[in-house]
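# Secondary and tertiary structure notes
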Amino acid sequence: MDKTVFENRREKLRSVMKERDIPALLINSAANRFYLSGFELHDPQCNESAGWLVVTAEGRDFLLTDPRYDDAAKRVWEEKDIFIYSGRKFEALKEFFNGNGITTLFIDHKDVSVFEHEKLRELCQLKPFSGLVDELRIIKDEKEIELMKKSCALNHKVYEQIQPSLVPGKTEREIAWEIEQLFRNGGASELSFSTIVGVGPNAALPHAIPGDTKLEEGQLVLIDMGCRLDDYCSDQTRTFWIGDKPSDRFLEVRQQVMDAQQAAIDTLRPGLPIAHAYHIAKGHFEKLGVDKYFTHSLGHGIGLETHEPPSVSPVANGELKPGMVITVEPGLYYPDWGGIRWEYMVLITEDGCEIF
């Protein structure tokens, strides 16, 4: 994306900061950092950071990183506003805060470790904030929607390509590996999450880990998969039957799930309480007497991350708004038999919704 896209996003954030009297804001979530800067969508390890942003209300923003990312930072950021720290990170940050007059820093506690918090509060006054960047990211612009449609289209293509491989004798692990290869060959930079493949009773585990269980004639297989294409994620689930004659139980449960999904999708529109969509699907299962086998939320937001706000759950706050992209993925899970889940990515439009 052009640098102006990221600059405009920071200006929107800055307007909110001024309204809420926030002089300086620390951004250390990888996805939020990338959303506002175009710098490093991923951290190198779960216990390492590629860098932080400090966004100020007065208009000067800083990218803080270590020498490994010096050149990468210069490709997206003005060199005068890049601060390179070394192994003694917090000693260096003291110099940065003092030199730029930052005495109060707002931080999101869910993104800052206890260690970081203890070190930072020695340097300046810390104050909490939550969700400012999420409030921007939750509404996708036209370019983001275009990229997400392409990512979802590749997902559809890979489902078509993998179906001939769903034959007796293949293991869950082998199917997962084939799926990853198909995504990579289709242009994806990576999976958006580890592929879920569950055969038979393993499909009753909503987040089953592919193993050495083999596909067998007369069993179901649940596949939940997604990719990252041009930085944006896809996420869909389908459940297939191995063999030519699906059992009556498979057809019945699949129809129950798909009817619950459709009932929820039919209600999606701007202004709808987010939790209402969940209750529509749950209510459908309640009428059938199978609601205890629906064990998770109805869906989640998706974008730069596979799971991001809003959560489409019974305790969700807020209303649906145009530009939100959510998943709708009801499922029924029977430990002695298996599970069926069916998932679509759905855009909230000005007057309803659109299934990708």
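Now for a quick tour of the structure.

What counts as what
- Every residue gets a number counted from 1 within its own chain, in the order that chain's sequence is written.
- In keeping with the model being predicted, local features are shown solely for residues with a pLDDT of at least 70 and side-chain atom pairs are shown and tallied solely at 80 or more, while totals for entire chains, interfaces and linings include all residues.
- To obtain the side-chain values, all non-hydrogen atoms of the structure were used and water was disregarded.
- Counting from the N terminus, the helices are DSSP H or I runs at least four residues long and the strands are E runs at least two residues long.
- The atom set for the radius of gyration is the C-alpha atoms, and the globule formula is 2.2 Å times the number of residues raised to the power 0.38.
- Any residue under 20% of the maximum accessible area for its type is buried, any over 50% is exposed, and the rest in between are partly exposed; the area is computed with a 1.4 Å probe on protein chains only.
- The contact criterion used throughout is that any non-hydrogen atoms of two residues lie within 4.5 Å.
- The accessible surface values rely on the Shrake-Rupley method and a 1.4 Å probe; as for residues, cover is taken only from the protein chains in view.
- Under the counting rule used here, the positive set is Lys and Arg, the negative set is Asp and Glu, and His together with the chain ends is not counted.
- Lys charges are placed at NZ, Arg charges at CZ, Asp charges at CG and Glu charges at CD.
- Any two strands with at least two DSSP bridges between them are considered paired.
- We define a salt bridge as a contact between a side-chain nitrogen of Lys or Arg and a carboxyl oxygen of Asp or Glu at a distance within 4 Å.
- Working convention: axes come from line fits to C-alpha atoms, limited for helices to the stretch in contact. Angles between N-to-C directions cover 0 to 180 degrees.
- By definition, turning the near helix anticlockwise from the far helix through less than a right angle yields a left-handed crossing, and turning it clockwise yields a right-handed one.
- Residues are grouped as follows: Ala, Val, Leu, Ile, Met, Phe, Trp, Tyr, Cys and Pro are nonpolar; Asp, Glu, Lys and Arg are charged; all remaining types, including Gly, are polar.
- Only Phe, Tyr and Trp rings take part, Trp by its six-membered ring, and two of them pair if their centres are within 6.5 Å. Stacked means planes under 30 degrees apart, edge-to-face means over 60, and tilted covers everything else.
- We define a nonpolar core as any set of buried Ala, Val, Leu, Ile, Met, Phe, Trp, Tyr and Cys residues linked to one another through side-chain atoms lying within 4.5 Å.
- In what follows, roughly perpendicular refers to angles from 65 to 115 degrees, roughly parallel to angles under 35, roughly antiparallel to angles over 145, and oblique to any angle outside these ranges.

Turning to the overall build of the protein chain, a few remarks are in order. Looking only at helices and strands, one finds ten helices and 19 strands in the protein chain. In terms of overall size, the protein chain behaves like a compact globule, its C-alpha atoms giving a radius of gyration of 23 Å where 356 residues would be expected to give roughly 21 Å. Taken over the C-alpha atoms alone, the protein chain extends approximately 70 × 40 × 35 Å along its principal axes. Burial analysis of the protein chain (356 residues in total) assigns 54% to the buried set. Within the protein chain, counting contacts between residues at least 6 apart in sequence, those at least 24 apart form 64% of the total. Approximately 16500 Å² of the protein chain is accessible, and the part contributed by carbon and sulfur atoms is 48%. A distance of 2 Å separates the average location of the 41 positive side-chain charges in the protein chain from that of its 58 negative side-chain charges.

Strand pairing in a sheet relies on backbone hydrogen bonds. The paired strands run either parallel or antiparallel. If you trace the three strands from one edge of the open sheet to the other, you get E7-E10-E11, paired in antiparallel fashion. Each edge of the open sheet carries a strand with a single partner, namely strand E7 (190-191) and strand E11 (232-233). The pairing of E7 with strand E10 (residues 227-229) spans two bridges and is classified as antiparallel. Counted as the bridge partner of Glu 190 is Arg 228 from E10.

Taken as a whole and judged by the stated rule, the model has 28 salt bridges. The shortest N-O distance in the salt bridge between Arg 68 and Glu 48 comes to 3.0 Å. Of this pair, Arg 68 sits in the loop between strand E3 (62-65) and helix H3 (70-74) while Glu 48 sits in the loop between helix H2 (30-37) and strand E2 (52-56), and the two are 20 residues apart along the sequence. Judged by its relative accessible area of 52%, Arg 68 falls in the exposed class. On the basis of relative accessibility, which here comes to 31%, the residue Glu 48 falls in the partly exposed class. As a salt-bridge pair, Lys 110 and Asp 134 come within 3.7 Å of each other at their nearest N and O atoms. Here the residue Lys 110 occupies a position in the loop between strand E5 (104-108) and helix H5 (114-120), and Asp 134 occupies one in helix H6 (residues 132-137), the gap between them amounting to 24 residues. Owing to a relative accessible area of 18%, Asp 134 belongs among the buried residues under this scheme. Taken together, the salt bridges that share partners define one network made up of Arg 10, Glu 11, Arg 14 and Asp 61.

Next up on the list: the sheet that holds strand E8 (residues 196-199). Read from one edge of the open sheet, three strands run E8-E9-E12, paired in antiparallel fashion. Here the strands that pair on one side only, and so sit at the sheet edges, are E8 and strand E12 (236-241). Averaged over all adjacent pairs, the angle separating strand axes in this sheet is 10°, with direction ignored. For strand E9 (residues 220-225) and E12, the ladder comprises six bridges, and the chain directions are antiparallel. Bridge pairing links Leu 222 to Thr 239 in E12. Contacts from helix H7 (residues 142-162) reach E9 and E12, with the element oriented near 15° to E12.

Where helix H9 (residues 248-267) meets helix H10 (residues 274-288), the closest approach of the two axes is 8 Å, and the angle between their N-to-C directions is 145°. Pair H9 / H10 crosses with right-handed handedness. On H10, the residues touching Gln 256, Val 257, Asp 259, Ala 260, Ala 263, Ala 264 and Thr 267 of H9 are Ala 277, Ile 280, Ala 281, His 284, Phe 285 and Leu 288. Partitioning the contact of H9 with H10 into residue classes produces nine nonpolar, three polar and one charged.

For the rest of this paragraph, the subject is the packing of aromatic side chains. Within this structure, the stated rule accounts for 13 aromatic pairs. Taken together, a centroid distance of 5.1 Å and an interplanar angle of 85° make the contact between Phe 62 and Phe 96 edge-to-face. Here Phe 96 lies in helix H4 (residues 89-99) and Phe 62 lies in strand E3, a separation of 34 residues in the sequence. Exposure class is identical for Phe 62 and Phe 96. Each is buried. Their ring planes at 35° and their centres at 4.3 Å tell us that Tyr 293 and Tyr 334 sit as a pair that is tilted.

So, about the nonpolar core. Grouped together as the largest cluster of nonpolar side chains are 38 residues, with contacts concentrated most on Leu 268, Leu 298, Leu 320, Val 328 and Leu 332. Ignoring anything within four residues of it in the chain, the contact list for Leu 332 reads Val 253, Gln 256, Val 257, Phe 285, Val 290, Tyr 293, Phe 294, Gly 338, Gly 339 and Ile 340. In terms of nonpolar packing, the next biggest core, distinct from the first, is built from 36 residues, Leu 13, Leu 136, Tyr 232 and Leu 347 among them.

As a further point, take H10. Each full turn of the α-helix corresponds to 3.6 residues, which orients residues three or four apart in the same direction. Of the residues making up H10, those classed as buried are Ile 274, Ala 275, Ala 277, Tyr 278, Ala 281, Lys 282, Gly 283 and Phe 285. In the stretch just after H10, Gly 289 is the one whose phi turns positive, near 75°.

Right, let's talk about the packing of helix H1 (residues 3-19) against H2 for a bit. How two helices sit against one another is set out by the angle between their axes and by the gap between those axes. For the pair H1 and H2, the least separation of the axes is 6 Å and the interaxial angle reads 110°. Classified by the angle their axes make, H1 and H2 are roughly perpendicular. Note on element contacts: H2 touches H1 through Phe 34, Tyr 35, Leu 36 and Ser 37, opposite Phe 6, Arg 9, Arg 10 and Leu 13. When grouped by side-chain class, the residues that make up the contact of H1 with H2 number five nonpolar, one polar and two charged.

Before going further, it helps to spend a moment on the environment of Val 312. Relative to the helices and strands, Val 312 is located in strand E14 (residues 308-312). With 294 residues separating them along the chain, Val 312 and Lys 18 place their C-alpha atoms 30 Å apart. Among residues more than four places away in sequence, those in contact with Val 312 are Ile 274, Ala 277, Tyr 278, Ser 297, Leu 298, Gly 299, His 300, Ile 326 and Thr 327.

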